[in-house]
Amino acid sequence: MTSRQIEFKVVNKGAELASLGQSLNSYVSSFEDDRRSDLESSSLKIMDLALHDGRTHTCVLVLGQVQSGKTSSIIGVVSVARDNDFPLVVLASGSTELLQSQTLDRLKKGLLGEETYKDWTIREKLTKADVHFLKTLLSTWSAWQAGTSNIKPPTLVVTPLKTAGLQKTAEALRDAFESLGAQYPLLIIDDEIDRASP
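Keep in mind the model is a prediction, meaning the values are calculated, not measured. (Residues numbered from 1 in each chain as written. Predicted model: local features only at pLDDT ≥ 70, side-chain atom pairs only at ≥ 80, totals over all residues. Heavy atoms only, no water.)

Side note on the packing of aromatic side chains
What describes a pair of aromatic rings is the distance from one ring centre to the other and the angle between the planes of the rings.
Working step 1: Counted by the stated rule, this structure contains three aromatic pairs.
Working step 2: For the ring pair W141 and W144, a centre distance of 5.5 Å and an interplane angle of 80 degrees mean the geometry is edge-to-face. Linking W141 with W144, this pair stays in helix α5 (residues 131-146), spanning three residues, or about one helical turn.
Working step 3: Ring centres of F177 and Y184 lie 5.8 Å apart, and the angle between their planes is 45 degrees; on these two criteria the pair is classed as tilted.
Working step 4: With a relative accessible area of 5%, Y184 lands in the buried category.
Working step 5: Above the face of the W120 ring, R82 is positioned so that its terminal group lies 6.0 Å from the ring centre.
Working step 6: Sitting above the plane of the F133 ring, R123 keeps its charged end 3.9 Å from the centroid. (Phe/Tyr/Trp six-rings, centres within 6.5 Å; stacked < 30°, edge-to-face > 60°. Helix = DSSP H or I, 4+ residues; strand = E, 2+ residues; numbered from the N terminus. Buried < 20%, exposed > 50% of the residue type's maximum accessible area, 1.4 Å probe, protein only. Lys NZ or Arg CZ within 6 Å of the ring centre and 35° of its normal.)

Focus on the environment of E115
Working step 1: Within the fold, E115 resides in the loop between α4 (97-111) and β2 (120-123).
Working step 2: As for E115 and S23, which are separated by 92 residues in sequence, their C-alpha atoms are 10.0 Å apart.

A look at the nonpolar core
Working step 1: Grouped together as the largest cluster of nonpolar side chains are 26 residues, with contacts concentrated most on M47, V78, L187 and I189.
Working step 2: Contributing elements (two or more residues each) for this core: α1 (22-28), α2 (33-51), α3 (70-83), β1 (88-92), α4, β2 and β4 (186-190).
Working step 3: The element best represented in this core is α3, accounting for six residues. (Core = buried A, V, L, I, M, F, W, Y, C linked by side-chain atoms within 4.5 Å.)

Right, here's the structure in full:
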């Protein structure tokens, strides 16, 4: 069996610093003051590292001990991504269905509040059958950024499982990008690097 490398060209956001906005504020509002401040600060710092090295591909490594709040930090960074106009987030978060399910539950609890449910679309996977959905979502983002729509579209968060799920997600995203002939900011988070995610 041979593997195929898929590369994405990711739009760099330029010289602006990551901003604290409604999504991160909403997520951290339930935390106590000290934890809220730490989470805001670390989430913005991580996103700043990803936005400001002048390249279109950026890799940032963040380490944490077991039970140190890594998942909370990841959800914070995902929130900052939305606040900074990223339409797409891929979160490789589980090598088993149990881990994927736990991450999905945490994402839904952290992101899908009464006032913010419309800001997010969360899916377990993408396949070629989802290319039309992706094209529609990305076209809506383009219209919003161009000022022809005043409603900010939802950010899509995908949590694919194992190599096959990542590969299918990558192919669907590539096909949508190529079909639209455009590039879009894409945040990829690998929460399973210690398990040698592909």
